[in-house]
Amino acid sequence: MRSCFDGNAFIAGYPWYAYYWARDAAFSSIGASLTSMQNFARKTILFFFKYFDEKFPNFILDSKVSYNSKDSLPLFLIALEEYLKNSSDFEILKILKSKLEKAFDYYRKNSNEKGFIYSEANETWLDTLSREGYNLEIQVFWYRALKSLSEFFNLLGNKKLREEALFYSNNLKNKIIEYFLVDGVFIDNLNSKKVTINSIFPFVFGISSDYEIFKEIENHLKETYGFLSLSKFDKDFDENSYH
């Protein structure tokens, strides 16, 4: 990880992705926060939030900034909470206060009546599949990000926004379970019943701990050397492809 930090932020990797991809940098920042590289996480978080106005960047290459991402913003909010928990650097919240309020405004303006965020086909990490619509991992990331925002507002002394963010988070958790849990497994997108590796995210971020659901996910995705990205029972599954 140290070799992928260039002084500003984490890059995605050498040699083909030697520039800034937000989701890669967010996950790297979560990992760095658990180690002696907390300062790398801090710099990465501040670097990406610098580019956040109406939308959050997807990747940054020289002077070019792409904003076609629906997961970068919630992932960086989660990364910020992980950094805070391990560093106690509350000064960063004061620096980012207006950005955090803007992030909450973004969610409220862009979520539908159920609390779901819509994605275009190329705005998620699984861009090899046609996934336009309401995707599971985006809702899960926002559930956890809203919990993070609630904690940030609490630390900043804004009780009203703390309670609002917590309300949205709890509501979103309930709606994810209501609409995405189908036939004993979390589906990938409301427009289809595909089962993908995104089905594990409700477990990673605390929406479910149901062992029977996880066993069903394993049934779809587990193979000898790891997990597939698409269910082996799906009509589009090809064992010789990227799946």
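Everything below is about the structure shown above.
Residues numbered from 1 in each chain as written. Predicted model: local features only at pLDDT ≥ 70, side-chain atom pairs only at ≥ 80, totals over all residues. Heavy atoms only, no water.

Trainee: Looking at this model, I keep getting lost on the packing of aromatic side chains. Mind explaining?
Mentor: Given two aromatic rings, their pairing is described by the distance between the two centres and the angle made by the two planes. Inspection of the entire model under this criterion finds 32 aromatic pairs. Ring centres of Tyr-107 and Trp-142 lie 5.2 Å apart, and the angle between their planes is 40 degrees; on these two criteria the pair is classed as tilted. With a gap of 35 residues between them, Tyr-107 in helix H4 (residues 91–110) and Trp-142 in helix H5 (residues 136–155) connect regions that are remote in the sequence. Connected via pairs of aromatic rings, a cluster forms that spans Tyr-20, Phe-47, Phe-48, Phe-49, Tyr-51, Phe-52, Phe-56 and Phe-76. Over the aromatic face of Phe-104 sits the side chain of Arg-108, whose NZ or CZ is 4.0 Å from the ring centroid. (Phe/Tyr/Trp six-rings, centres within 6.5 Å; stacked < 30°, edge-to-face > 60°. Helix = DSSP H or I, 4+ residues; strand = E, 2+ residues; numbered from the N terminus. Lys NZ or Arg CZ within 6 Å of the ring centre and 35° of its normal.)

Trainee: Please explain unusual backbone geometry as it appears in this structure.
Mentor: Both trends apply: most residues other than glycine have a negative phi, and most peptide bonds are in trans. Unusually for a residue other than glycine, Ser-88 sits at a positive phi of about 55 degrees. Here Ser-88 is to be found in the loop between helix H3 (72–87) and H4. Accessibility expressed as a relative area gives 46% for Ser-88, which makes it partly exposed. Although it is not a glycine, Asp-183 adopts a positive phi angle of roughly 55 degrees. The topology assignment puts Asp-183 in the loop between strand S4 (181–182) and strand S5 (185–186). (Buried < 20%, exposed > 50% of the residue type's maximum accessible area, 1.4 Å probe, protein only.)

Trainee: Can you help me understand the sheet that holds strand S1 (residues 20–21) in this one?
Mentor: Note on sheets: strands pair through backbone hydrogen bonds, and any given pair is parallel or antiparallel. The sheet built from three strands is open, its strands ordered S1-S2-S3 with antiparallel pairing. Unpaired on one side and paired on the other, S1 and strand S3 (64–66) mark the two borders of the sheet. Here strand S2 (residues 59–61) pairs with S3 via three bridges, running antiparallel. Each residue of the ladder has a partner; that of Leu-61, found in S3, is Lys-64. (Pairing = 2+ DSSP bridges.)

Trainee: I tried to follow the side chain of Lys-70 on my own but got confused; where do I start?
Mentor: Considering the arrangement of structural elements, one finds Lys-70 in the loop between S3 and H3. Not counting the four nearest positions on each side in its chain, Lys-70 is found in contact with Tyr-106, Ile-117, Tyr-118, Ser-119, Glu-123, Ile-138 and Trp-142. (Contact = heavy atoms within 4.5 Å.)

Trainee: Would you take a moment to explain the nonpolar core for this structure?
Mentor: For soluble globular proteins, the rule of thumb is that nonpolar side chains tend to be buried together. Membership of the largest hydrophobic core comes to 70 residues, with the highest contact counts inside it found for Phe-48, Leu-77, Trp-142 and Ile-176. If one sorts the elements of this core by residue count, H5 sits on top with 11 residues. Contact partners of Ile-176, with chain neighbours within four places excluded, come to Phe-116, Leu-136, Gln-139, Val-140, Tyr-143, Leu-181, Phe-186 and Ile-207. (Core = buried A, V, L, I, M, F, W, Y, C linked by side-chain atoms within 4.5 Å.)

Trainee: What am I meant to see in the environment of Ile-60 here?
Mentor: Structurally, Ile-60 is set in strand S2. Considering only alpha carbons, one finds Ile-60 and Tyr-106, 46 residues apart in sequence, at a separation of 21 Å. Setting aside its immediate chain neighbours within four residues, Ile-60 contacts Tyr-19, Tyr-20, Phe-47, Phe-48, Tyr-51 and Val-65.

Trainee: What is the right way to look at the environment of Tyr-118 in this model?
Mentor: One can find Tyr-118 in the loop between H4 and H5. Setting aside chain neighbours within four positions, we find Tyr-118 in contact with Lys-70, Glu-123, Glu-132, Gly-133 and Tyr-134. Side chain to side chain, Tyr-118 and Glu-132 meet in a polar contact 2.7 Å long. (Polar contact = N/O pair within 3.5 Å; in protein donor to acceptor, adjacent residues only side chain to side chain.)

Trainee: Teacher, can you tell me more about the packing of helix H1 (residues 22–33) against helix H2 (residues 38–49) here?
Mentor: Working note: a packed helix pair is described by the angle between its axes plus the distance between those axes. The N-to-C vectors of H1 and H2 enclose an angle of 150 degrees; their axes lie 8 Å apart at closest approach. It follows that H1 is roughly antiparallel to H2 by the angle criterion. Of the two elements, H1 crosses H2, and the hand of that crossing is left-handed. Facing Ala-22, Ala-25, Ser-29, Ala-32 and Ser-33 of H1, the residues of H2 in contact are Gln-38, Ala-41, Thr-44, Ile-45 and Phe-48. Counted by class, the contact of H1 with H2 contains six nonpolar, four polar and no charged residues. (Axes fitted to C-alpha atoms, helices over the stretch in contact; angles between N-to-C directions. Parallel < 35°, antiparallel > 145°, perpendicular 65-115°, else oblique. Left-handed = near helix turned anticlockwise from the far one by under 90°. Nonpolar A, V, L, I, M, F, W, Y, C, P; charged D, E, K, R; others polar.)

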